[in-house]
Amino acid sequence: MNTAVRGGLKLVTGLALGACTAVVELVFVVLAGLILLPLRAWPRGHHTVLRPVHRIGRRFVAWERARLAAYQRTRLPPLYGAPDGDDRALRYIAARWPLGLLGGAVLGCLVLGLGYGVFLIFGWIVMEVRHPDDVMLSVIGGLLLLFLAVQGVLGVTMLERRLITHLLGPSPEEALRRRIDELFASRAGVVDAVHDERRRIERDLHDGVQQRLVALGMLLGRARRGDDPDRTSVLLRQAHEESHRALVDLREVAWRVYPAALDEAGLEAALSTVVDRSEIPVLLGYHVMRPPPKAVAAVAYFVVAEAVTNTVKHAKATKIVVMIGEEKGDRLYVTIEDDGQGGAVPEGGGLTGLARRVAALDGTFEVRSPPGGPTKITVELPCV
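Just so it is clear, the model here is predicted, and its values are computed rather than measured.

Caption draft 1: View of the nonpolar core. Formed by 37 residues in total, the largest nonpolar core has its most connected members in Leu-267, Tyr-301, Ile-324, Leu-332 and Ile-336. Mapped onto this core, the elements with two or more residues apiece are helix H8 (267-277), strand S1 (282-287), helix H9 (294-315), strand S2 (320-327), strand S3 (331-338), helix H10 (349-360) and strand S5 (375-382). For this core, the element with the highest residue contribution is H9, accounting for 13 residues. For Ile-324, the residues in contact, after removing those within four places along its chain, are Leu-271, Leu-284, Gly-285, Tyr-286, His-287, Val-288, Val-304, Leu-332, Tyr-333 and Val-334. Among the nonpolar cores identified, the runner-up in size contains 26 residues, and Phe-28, Val-53, Ala-149 and Val-153 belong to it.

And the structure:
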């Protein structure tokens, strides 16, 4: 219930701000038209005046994009088509101001309906009512107006999303071309990520398990050639200990390749192993109602595991906070934040590999790590 109320208040606030900017945009459109129309017969002067008009139009569009992103969580496309981007921005402003004023009118009806609706509760206390029938009719009318105004808020919100997507978004051909480019890039990223993973596994086997097995072979060879029973017993005991270490290293490599807990117990249990293995205290918050798909769970796990490992090695942090959440079961959100020294480079080897994993599932990967910290990694993964 609280989430719905907060969402409704955000929509109302966004529409109120949009109504205010609509008034300014109306003035801008009228003034721009009055200035530009007489200059159409003078091309040089027309282009000279058009440049500042385009600049102001881009600022209005940037404001509207920020407003819709903040209050309506609308994923806004950038201005496609650089040659006609400024003209499209002006067309959007010219088409948006009537919608903004409509939103203001809807909010006025909302306030009016709410006032009439609550009169039933407070009217009897504040004043003496001589005609209860009229009061009841006013209350019923106010509640009806309130209901229609709420529907109007939702309708105007939907129209604003469609308007900015239609006028500033990509055409079907541009969207298809962009999608093809993204698929080419993500495929190349997947191939590079697989090669990087193979090299890492080979390095772990060569530097860890292989060295253990070489030492084990040398100990067994010395024990076999020895004539002193006591010395042979010592060598065999060392060989037994070395075999145990080799098994531990081998399990570590297998765990880093793919943890068995991810399939057996799910993402939360697998992340708990990361928390238990970390040398730095990790606070894990898991707020997912339905288990995500296996591919999504695997990427989320490796992002958290690699991020925690990098923090332990490089960040000089004292704590790590990992939060896993979802939005209507359609998207999985992962955030990893530490209080370390910051300065992480998104183009670094480890973070680049994680970004490639996320991009392979059409997800988003963002790193904020100013010098001095903190470092925050945000990942969004589609679950459909």
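Caption draft 2: Spotlight on the sheet that holds S3. Within the open sheet, the 5 strands sit side by side as S1-S2-S3-S5-S4. Their pairing is mixed. What marks the edges here is a single partner per strand, and that holds for S1 and strand S4 (364-368). When strand polarity is set aside, the average angle formed by the axes of neighbouring strands in this sheet is 10 degrees. One ladder, built from 8 bridges, connects S3 with S5; its direction is antiparallel. The partner of Arg-331 across the bridge, within S5, is Pro-382. Sitting on the sheet, H8 is in contact with S1, S2 and S3, with an inclination near 175 degrees to S1. Here H9 sits on the sheet and contacts S1, S2, S3 and S5; the angle it forms with S3, its principal contact strand, is near 5 degrees.

Caption draft 3: A look at a nonpolar patch on the surface. On the surface, a cluster of nonpolar side chains totalling about 670 Å² of accessible area is made up of Val-23, Val-24, Val-27, Val-30, Leu-31, Leu-34, Ile-35 and Leu-101. For the nonpolar patch, the element with the highest residue contribution is helix H1 (residues 2-36), accounting for 7 residues. Judged by its relative accessible area of 44%, Val-24 is partly exposed.

Caption draft 4: Molecular detail of the pairing of S3. Summarising burial for S3: 6 of the 8 residues are buried, a large majority. By the bridge criterion, 8 bridges tie S2 to S3 in an arrangement that is antiparallel. Note on S3: the bridge partner recorded for Glu-327 is Arg-331.

Caption draft 5: Local environment of H8. Among the residues of H8, Leu-267, Ala-270, Leu-271 and Val-274 are the ones counted as buried. Burial along H8 is one-sided: seen end-on, the buried residues are contained in an arc of 95 degrees.

Caption draft 6: Region of the structure containing the packing of aromatic side chains. Counted according to the given criterion, the structure contains 2 aromatic pairs. Ring geometry for Phe-28 versus Phe-60: centroids 5.3 Å apart, planes at 50 degrees, classification tilted. Here Phe-60 lies in helix H2 (residues 43-71) and Phe-28 lies in helix H1, a separation of 32 residues in the sequence. For Phe-28, a relative accessible area of 12% corresponds to the buried category. Ring plane angle 75 degrees and centroid distance 5.2 Å describe the contact between Tyr-301 and Phe-302, whose orientation is recorded as edge-to-face. By relative accessible area, which is 1% here, Tyr-301 ends up buried. Residue Phe-302 is classed as buried on the basis of its relative accessible area of 10%.

Caption draft 7: Main features of the pairing of S2. In this sheet, S2 lies alongside S1 in parallel orientation, the contact comprising 6 bridges. For Val-282, the partnering residue across the bridge sits in S2 and is Ile-320. Read as a crossover between parallel neighbours, the route from S1 over H9 to S2 is left-handed.

Caption draft 8: Here's a closer look at the packing of H8 against H9. The interhelical angle for the contact between H8 and H9, taken along N-to-C directions, is 10 degrees, at an axis separation of 10 Å. Taken together, the axis directions place H8 and H9 in an arrangement best described as roughly parallel. Considering the relative orientation of H8 and H9, their crossing is right-handed. Taking contact as the criterion, the partners of Leu-267, Ala-270, Leu-271 and Val-274 in H8 are, on H9, Ala-297, Ala-300, Tyr-301, Val-304, Ala-305 and Val-308.

Caption draft 9: A look at the side chain of Asp-338. With respect to the secondary-structure elements, Asp-338 resides in strand S3. Look at Asp-338: it is buried, it has no salt bridge, and the nearest opposite charge is Lys-319 at 10 Å. Separated by 3.5 Å, the side chains of Asp-338 and Thr-311 make a polar contact. For Asp-338, the side chain forms a polar contact with the main-chain nitrogen of Gly-340, separated by 2.8 Å.

Caption draft 10: Fine view of the pattern of salt bridges. Under the criterion given, the structure shown has 10 salt bridges. The salt bridge partner of Glu-160 is Arg-67, with a shortest N-O separation of 2.9 Å. Highlighted residues: Glu-160 in helix H4 (residues 132-168) and Arg-67 in helix H2, separated in sequence by 93 residues.

Quick notes on the rules
Residues numbered from 1 in each chain as written. Predicted model: local features only at pLDDT ≥ 70, side-chain atom pairs only at ≥ 80, totals over all residues. Heavy atoms only, no water. Core = buried A, V, L, I, M, F, W, Y, C linked by side-chain atoms within 4.5 Å. Buried < 20%, exposed > 50% of the residue type's maximum accessible area, 1.4 Å probe, protein only. Helix = DSSP H or I, 4+ residues; strand = E, 2+ residues; numbered from the N terminus. Contact = heavy atoms within 4.5 Å. Pairing = 2+ DSSP bridges. Axes fitted to C-alpha atoms, helices over the stretch in contact; angles between N-to-C directions. Patch = residues over 30% accessible without salt bridge, like charges linked within 9 Å, V, L, I, M, F, W, Y side chains within 5 Å. Areas by Shrake-Rupley, 256 points an atom, 1.4 Å probe, with all protein chains shown as cover. Salt bridge = Lys/Arg side-chain N within 4 Å of Asp/Glu carboxyl O. Arc of directions from axis to C-beta. Phe/Tyr/Trp six-rings, centres within 6.5 Å; stacked < 30°, edge-to-face > 60°. Right-handed = clockwise from strand over helix to strand, strands pointing away. Parallel < 35°, antiparallel > 145°, perpendicular 65-115°, else oblique. Left-handed = near helix turned anticlockwise from the far one by under 90°. Lys, Arg positive; Asp, Glu negative; His and termini not counted. Polar contact = N/O pair within 3.5 Å; in protein donor to acceptor, adjacent residues only side chain to side chain.

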